[in-house]
Amino acid sequence: MRSMTLDAPTLEKLISAAVAAPSIHNTQPWRFRLDPDTVTLGIRAAPDHGLRHIDPTGRALHLSVGCALLNLRVAVAHFGWEPVSRLLPRPDEPDLLAAVRLGGPARTSSPPRLYDALWRRHSSRFPFSERPLPTAVHTELAEAAHSEGALLSRPAPRETDRLLRLTAEAGRRNTSDADRAAESRLWVRDPNHTDLGVPPEALGPKDSREQVPMRDFGAHRHPAVPASRPFEKRPSLAVLSTAHDRRTDWLRAGQALERLLLTATARGLRASLLHQALEWPDLREQLMPWPSGRRGHAQMVIRLGYGPQGPSSPRRGVSRTLTEGARSVPR
């Protein structure tokens, strides 16, 4: 524990940790505000960063904020406080998605590897090796998701092929839908121009075998990245799901997603998110029919493996994510 007084440098570190989280198209759809009287950080949706065509219900926005919330909880515990979080704390303020109060001394310390991993984690849209994931690692990732109220399922080879086909079909629909394609292109941006969006070099190549359907953002690949390369023959996929499909479930799913991604990063794994099929209601429904008959709502398809880290995407500075009045802490 550093100090039980929240000073400005620590506040800035907490917000920086939160915004290091992944978000759909790197839209970073969040705003933070500190209530100095209760030492509570509120996280609000930034509707101007939403994806009107790709994410009309705001489900992916909630997942993104959930990821930021998990990072904030990890950072708060790292600095010695107990993170006391609430989801949708004020029904009359629907844009206030979560709040984290800095409680007394942390009852249990946050695993250092998770705090370290949140600064190193980012998506890799590049080919992975054929090295299989150990069963023990899958179990650890499933436990990480379960601790946040979600389920991580590992599909059998035949199910993996079906998930890839659904993702490819979603990709074809996204390409042929003019509004969605234009919205994706809008968020492919030069990092020198903005701190939002995906840099062209981070898109990665296409799979020359046409087996792993990485998202086509409707933009030209970076000249330094080959147009196509062979991806792994047997990709390792996992499906994150929740029992229900309410706004609180989306926020919990985001926290589960980020906890398992940080755990994967700490174990030397890379990950990319195959979100395409989740953007079409009929395809999303087909992501879950497992042979066991287990019911649930798919929230994310995750590709895991060993491979290159890939370029990182930019993040907005603290001054652009803390709202007015949030800096009334001593320096």
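Rules used throughout
Along each chain, residue indices are assigned from 1 in the same order as the chain's sequence is written. Totals for whole chains, interfaces and linings use all residues, but because this is a predicted model, local features are given only for residues with pLDDT of at least 70 and pairs of side-chain atoms are given and counted only at 80 or more. The side-chain values count all of the structure's non-hydrogen atoms but skip hydrogen atoms and water molecules. Orientation is described by lines fitted to C-alpha atoms, with helices fitted over the stretch in contact, and by angles between N-to-C directions that extend from 0 to 180 degrees. Put simply, DSSP marks the helices as runs of H or I at least four residues long and the strands as runs of E at least two long, and each gets a number from the N terminus on. Crossings are classed by handedness, with left-handed meaning an anticlockwise turn of the near helix from the far one by less than a right angle and right-handed meaning a clockwise turn. Between two residues, a contact is recorded if the distance between any of their heavy atoms is within 4.5 Å. Each residue gets one of three labels, nonpolar for Ala, Val, Leu, Ile, Met, Phe, Trp, Tyr, Cys and Pro, charged for Asp, Glu, Lys and Arg, and polar for the others, Gly among them. Type-normalised accessible area, obtained with a 1.4 Å probe on protein chains alone, sets the label of each residue: buried when under 20%, exposed when over 50%, and partly exposed for intermediate values. Two strands form a pair only when DSSP identifies at least two bridges running between them. What pLDDT reports is the predictor's confidence in each residue, on a scale of 0 through 100. Geometry of aromatic contacts follows a simple scheme: Phe, Tyr and Trp rings, the Trp one being its six-membered ring, pair when their centres are within 6.5 Å, and the pair is stacked under 30 degrees between planes, edge-to-face over 60, tilted otherwise. Take a side-chain nitrogen of Lys or Arg and a carboxyl oxygen of Asp or Glu: if they are within 4 Å of each other, that pair is a salt bridge.

Caption draft 1: Geometry of the packing of helix α1 (residues 8-19) against helix α2 (residues 59-78). Here α1 crosses α2 at 145°, and the two axes come no closer than 7 Å. Relative to α2, α1 is oriented so that their crossing is right-handed. Side by side, α1 and α2 meet where Leu14, Ala17 and Ala18 of the first sit next to Ala68, Asn71, Leu72, Ala75 and Val76 of the second. Class assignment of the residues belonging to the contact of α1 with α2 gives a composition of 7 nonpolar, 1 polar and no charged.

Caption draft 2: Here's a closer look at the pairing of strand β4 (residues 96-105). Counting buried positions along β4 yields 7 of 10 residues, so the element is predominantly enclosed. Of the strand pairs in this sheet, strand β2 (residues 40-45) and β4 are connected by 5 bridges, and their pairing is antiparallel. Following the sheet pairing, Thr40 is matched in β4 by Arg101. Sheet topology note: the strand β3 (residues 81-87)/β4 ladder contains 6 bridges and is antiparallel. Of the residues in β4, the one forming a bridge with Arg86 is Ala99.

Caption draft 3: Main features of the confidence of the model for the protein. In the predicted model, the protein carries a mean pLDDT of 92, and the fraction of residues at 70 or more is 92%. Note that pLDDT drops below 50 for residues 326-331; the model gives that stretch 18 contacts with residues more than four away or on any other chain.

Caption draft 4: Representation of the packing of aromatic side chains. The tally for this structure, following the rule as stated, stands at 2 aromatic pairs. For the ring pair Phe79 and Tyr115, a centre distance of 6.2 Å and an interplane angle of 90° mean the geometry is edge-to-face. Of this pair, Phe79 sits in the loop between α2 and β3 while Tyr115 sits in helix α3 (residues 112-120); the two residues are 36 residues apart in sequence, bridging distant segments of the chain. Comparing Phe79 with Tyr115, the two get one shared label, buried. Consider the rings of Tyr115 and Trp119, whose centres lie 5.9 Å apart with planes at 85°: the pair is edge-to-face. Here Trp119 and Tyr115 lie together in helix α3, a separation of 4 residues that amounts to about one turn.

Caption draft 5: Fine view of the pattern of salt bridges. Summed over the entire model, instances satisfying the criterion amount to 23 salt bridges. We note a salt bridge from Glu140 to Arg113, for which the minimum N-O separation is 3.1 Å. Placement of the pair is Glu140 in helix α4 (residues 135-146) and Arg113 in helix α3, with a sequence separation of 27 residues. We classify Glu140 as buried; its relative accessible area is 18%. Of the residues examined, Arg113 reaches a relative accessible area of 34% and is grouped as partly exposed. One salt bridge in this structure joins Arg215 and Glu279, with 2.2 Å as the shortest N-O distance.

Caption draft 6: Layout of the sheet that holds β3. Taken together, the 4 strands give an open sheet; going across it, the order is β1-β2-β4-β3, and neighbouring strands pair in antiparallel fashion. Bordering the open sheet on either side are β1 (30-35) and β3, each of which pairs with just one other strand. If you compare each strand with its neighbour and ignore which way they point, the axes differ by 20° on average. In this sheet, β2 lies alongside β1 in antiparallel orientation, the contact comprising 6 bridges. Looking at β2, one finds that Arg33 is bridged to Gly42. Sheet contacts for α1: β1, β2, β3 and β4; angle to β1, the most-contacted strand, approximately 155°.

Caption draft 7: Just the sheet that holds strand β5 (residues 151-153), in detail. Read from one edge of the open sheet, 4 strands run β5-β8-β10-β9, paired in antiparallel fashion. Since the sheet does not close on itself, it has two edges, and those belong to β5 and β9 (270-273), each with one partner. On average, each strand axis in the sheet is tilted by 30° relative to the strand beside it, whichever way the strands run. The pairing of strand β8 (residues 236-242) with strand β10 (residues 297-305) spans 7 bridges and is antiparallel. Looking at β10, one finds that Ser236 is bridged to Leu304.

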